[in-house]
Amino acid sequence: MSAIFGIINKKQKCVDSHLVGSMLEALKHRATDGSQIVVDNNMGMGNCRLNIYPQQIYEKQPLKIGQFTITSDARIDNRQELARHFNIDNNLLNVTPDSTLILMAYQEWEDMCINHLEGEFAFAIWDEKAEKLFAATDQIGFRPLYYYDTPDAFIFCSEIKGITAIKTTPNFFNEESLIEYFYREGDWQQTFNKEILSLCGGNSLIMKEGKLSIKKYWKLEPANRYHFTKDEDWYECFKDLIYKAIEKRLNYDLPVGLTLSGGLDSGCIACVLSELLMKKNKPLYTFSSVLPSNHDTKEKDERKYIELIDKHCPNIIQTYECAPGIGIFSNLEKSFNLFESFPSSSFYMDIKLLEAAKKKGVKMLYTGFGGDFFVSWKGDSVIYELIKQGDYQSAFMLIRKFMKNDNKSFLEIFREMYASHTDVYQRLRSVIRNDLDELKRNSMRRDTNLKYSGLISNLVNEGFVAFYLNRIYNFNESQGIESEMPLFDKNIYEFLIEMPIQLFVKDGIKRNLIRRTMQGILPEEILLRKDKMPFLPGYVQRTYHDIDKLKVLCTSEKYQFVFEKYVNRDVFNFCINNISTTNISHNNEALKAARIGVVTYLLGYMDAIKYIHN
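Now for a quick tour of the structure. (Residues numbered from 1 in each chain as written. Predicted model: local features only at pLDDT ≥ 70, side-chain atom pairs only at ≥ 80, totals over all residues. Heavy atoms only, no water.)

1. Describing empty space enclosed by the protein
Space left empty within the atom packing is revealed by a probe, the size of a water molecule, rolled over the atoms. Note the threshold: Cavities and pockets are defined on a 1 Å grid built over the protein atoms alone: a cavity is a set of grid points where a 1.4 Å probe fits but cannot escape, while a pocket is an open set with protein on both sides within 12 Å along at least five of seven lines, and lining residues are those with an atom within 4 Å of any such point. Grid points are joined across faces, edges and corners, and a volume is the space filled by probe spheres set on the points. A helix here means a DSSP run of H or I that spans at least four residues, while a strand means a run of E at least two residues long, and both kinds are numbered starting from the N terminus. Lys, Arg, Asp and Glu make up the charged group, whereas Ala, Val, Leu, Ile, Met, Phe, Trp, Tyr, Cys and Pro make up the nonpolar group; the residues left over, Gly among them, are polar.
With the rule as written, the count across this model stands at two cavities of 30 Å³ or more. Put simply, the largest cavity is a space of about 200 Å³. Forming the boundary of the largest cavity are 20 residues, of which E180, Q190, E340, S341 and F467 lie nearest the centre. Breaking the lining of the largest cavity down by element, the ones donating at least two residues are helix 6 (176–183) and helix 18 (464–477). Top contributing element to the lining of the largest cavity by residue count: helix 18, with four residues. In terms of residue class, the lining of the largest cavity is built from ten nonpolar, seven polar and three charged.

2. A look at the pairing of strand 8 (residues 146–149)
This is how it is decided: DSSP-based pairing: two strands are paired if at least 2 bridges between them are found.
Relative to strand 9 (residues 153–157), strand 8 runs antiparallel, the two being bridged by four bridges. Across the sheet, the residue bridging to Y148 is I155, located in strand 9. Between strand 8 and the antiparallel strand that follows it, strand 9, lie three residues. By the bridge criterion, two bridges tie strand 8 to strand 10 (residues 197–198) in an arrangement that is antiparallel. Across the sheet, residue Y147 finds its bridge partner in strand 10, namely L197.

3. Focus on the side chain of D489
As a reminder of what qualifies: For this analysis, a polar contact is any N or O atom pair within 3.5 Å, provided that within protein one partner can donate a hydrogen and the other can accept it, and provided that sequence-adjacent residues contribute only side-chain to side-chain pairs.
Examined against the element boundaries, D489 turns out to sit in the loop between strand 17 (482–484) and helix 19 (490–496). Within the structure, D489 has its side chain in polar contact with the backbone nitrogen of N491 (distance 3.0 Å).

4. A look at the layout of surface pockets
Computed from the structure, the second largest pocket encloses a volume of approximately 450 Å³. For the lining of the second largest pocket, the secondary structure elements donating two or more residues are strand 5 (68–76) and helix 2 (79–85). Taken together, the residues that form the lining of the second largest pocket break down as six nonpolar, four polar and six charged.

5. Re the state of the cysteines
Keep this limit in mind: In this description, the term disulfide denotes a pair of cysteine sulfurs within 2.5 Å.
Under the definition given, this model contains zero disulfides. Cysteine C554 remains unbridged, with the sulfur of C575 as its closest cysteine sulfur at 9.8 Å.

6. Regarding helix 17 (residues 452–461)
One full turn of an α-helix is made of 3.6 residues, so residues set three or four places apart face in the same direction. Counted only if it meets this: A 1.4 Å probe rolled over the protein chains alone gives each residue an accessible area, and that area as a share of the maximum for its type sets the label: buried under 20%, exposed over 50%, partly exposed in between. Residues are treated as being in contact if the distance between any of their heavy atoms lies within 4.5 Å.
Buried residues dominate helix 17, accounting for seven of its ten residues. The set of residues buried in helix 17 consists of Y452, S453, I456, S457, L459, V460 and N461. Residues of helix 17 that are buried sit in contact with strand 12 (211–216), helix 12 (382–388), helix 18 and helix 19.

7. Describing the nonpolar core
To keep it simple, the criterion reads: Side-chain atoms within 4.5 Å link the members of a nonpolar core, which is a set of buried Ala, Val, Leu, Ile, Met, Phe, Trp, Tyr and Cys residues.
One finds F123, F374 and L496 to be the most contacted residues of the largest nonpolar core, which totals 111 residues. Setting aside chain neighbours within four positions, we find F374 in contact with Y452, I456, L459, V465, F488, Y493, L496 and F504. With 71 residues, the next largest nonpolar core counts M23, L178, I196 and I547 among its residues.

8. Thoughts on the pattern of salt bridges
Counted only if it meets this: We count a salt bridge whenever a side-chain nitrogen from Lys or Arg sits within 4 Å of a carboxyl oxygen from Asp or Glu.
Going through the model one piece at a time under the given rule, you end up with 38 salt bridges. Its salt-bridge partner being D231, residue K506 comes within 3.0 Å of it at the nearest N-O pair. One end of the pair, K506, is in the loop between helix 19 and helix 20 (512–517); the other, D231, is in helix 7 (residues 231–247), with 275 residues separating them in the sequence. For K506, a relative accessible area of 28% puts it in the partly exposed group. Residue D231 is classed as partly exposed on the basis of its relative accessible area of 26%. The residue D531 makes a salt bridge to R529 at a minimum N-O spacing of 3.1 Å. A residue is classified by how much of its surface remains accessible, and D531, at 42% relative accessible area, is partly exposed. Note on R529: relative accessible area 8%, which makes it buried.

9. Some points on the packing of aromatic side chains
As a reminder, the rule being used: Side-chain rings of Phe, Tyr and Trp, where Trp is taken by its six-membered ring, are said to pair if the distance between their centres is within 6.5 Å; with planes under 30 degrees apart they count as stacked, over 60 as edge-to-face, and otherwise as tilted. Each ring is checked for a lysine NZ or an arginine CZ that lies within 6 Å of its centre and within 35 degrees of its normal; such an atom marks a charge sitting over the ring.
Counted by the stated rule, this structure contains 41 aromatic pairs. A ring pair is formed by F414 and Y418, whose centres lie 5.0 Å apart and whose planes are at 35°; its orientation type is tilted. The exposure class assigned to F414 is partly exposed, which follows from its relative accessible area of 28%. The partly exposed category is assigned to Y418, whose relative accessible area is 22%. These aromatic residues form a ring-pair network of at least three members: F173, Y181, F182, F192, F336, F342, Y566, Y605 and Y611. A cation sits over an aromatic face here: R303 above Y320, 4.6 Å from the ring centre.

10. Focus: unusual backbone geometry
Residues Q61 and P62 are joined by a peptide bond in cis, for which omega reads -5°. At Q12, a position not held by glycine, the phi torsion is positive, near 60°. Mapped onto the elements, Q12 comes out in the loop between strand 1 (2–9) and helix 1 (17–26). The exposed category is assigned to Q12, whose relative accessible area is 51%. Not every positive phi belongs to a glycine, and N87 is a case in point at roughly 55°.

Shown next, in the form of structure tokens:
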């Protein structure tokens, strides 16, 4: 909803207002509904506003009350609870911005205020008497906050570009970002700029007397909240949490959109949103990636299932986007600057769908992104976990049910849902493929075979989830649209880590949890489908059309340093030469070639803008 930024001079020297102005200039695309800066001695702060909720029209940020100054990007969900504590009546609460509530909470509880806040937030509070900066992000990490620390100054901002606009040291490329991009592993507080770090979700930061300290104030872990004995009670509770997660983000007075495929995750959100909006006689704008109606390949898209959802939800206004003439290198530099990380190789469609939403005047854009990480997880490792726990009977019964449902042999199911999750299998697979890089990575990787609840907790607590949320959030906000990602809701996560894992695959049905929960809400054909496309339609064809550009990248002297330092040229060349236009739906070489091509091109771009490669 807003972008925040600021600078604290640690030597108590006055901050140059031009520096704060330069940060504002770098973030002017975020100032949809106005901006303001405040400079007071050795502190300078600013705020760029995007109004989404009614109380925001009363925002005046940065806000100073007494010795405290706050700049925040927030949606506080427990406003009523805070109002009762502070004796604020409903009429006054309606005109009380979230920034005021946060500052009141800080005045009451100081650093512990974050334990009394629910919602999405990133904020910084300057205490001029104590010469102390306190900053925090919400528990999951929806709202980004980056920082840069030197002996002379501390700088923070919602976007990396606001910091690079004024920092005086050179920009060093951080190769850790390549590990994150290719393997989804790494230190998630790192960014592509080696000197700029991210304050991950559930963390607070204090800068006092020139010293910086970071504290983990919240972790996702089981708290024994749920005690259902019947499966149906688990499903009913989960449905209630999904409805609440979607509705609390909703402003009925603004145009609301959704990026819609024909799958379970976005379909679930579409049906719930449609139901809620229809009660207010409001439309739901949906935006979907499809193939051109006259395409001449055997590839299929999601149009059939999207139309089923459209028919089921009469208030949907559908927009199809084919993105003709767009490829994997179209607007790549622009995308990198918006995402502030290496974009996915299908970023071009993200841009087209966002542009389509903007044309419809959409201010809130929902997405089902990430549902298959947790909410609609297939349950691939359930049998592995049961065997690891010694529950052989339950594991064997599940295998039998999977054999029947998937029409596979015992050995096929055992390999897929048990053996493939063991370290021995991963190492043998690497040796058989003679993949030394993969073997080395497997020897260094964290334990991905944790109990499911432990895996969720790790990915949230380490910052993996926040990393992806931040990219989408800033990308959408650059176009004056707030991203809404309810399937990452904190309350949903706290439910999932306590739920019996068998419910994900009860009766041998993959994605059983979301299928059973959404019965009577999603069309039956969507609930039962098993043929979801793994990538965007036309993806392989677009990659093949850019094959000459990929070959140039592979052979050009301009990118020689990339292959010397970061990328295996032989692997890149192999992938390029094995892009198949016959197996167009599932072509791993096309995916790998595109991803390596994106990285190679952007490393060349970063070299041109004077990023230093150690």
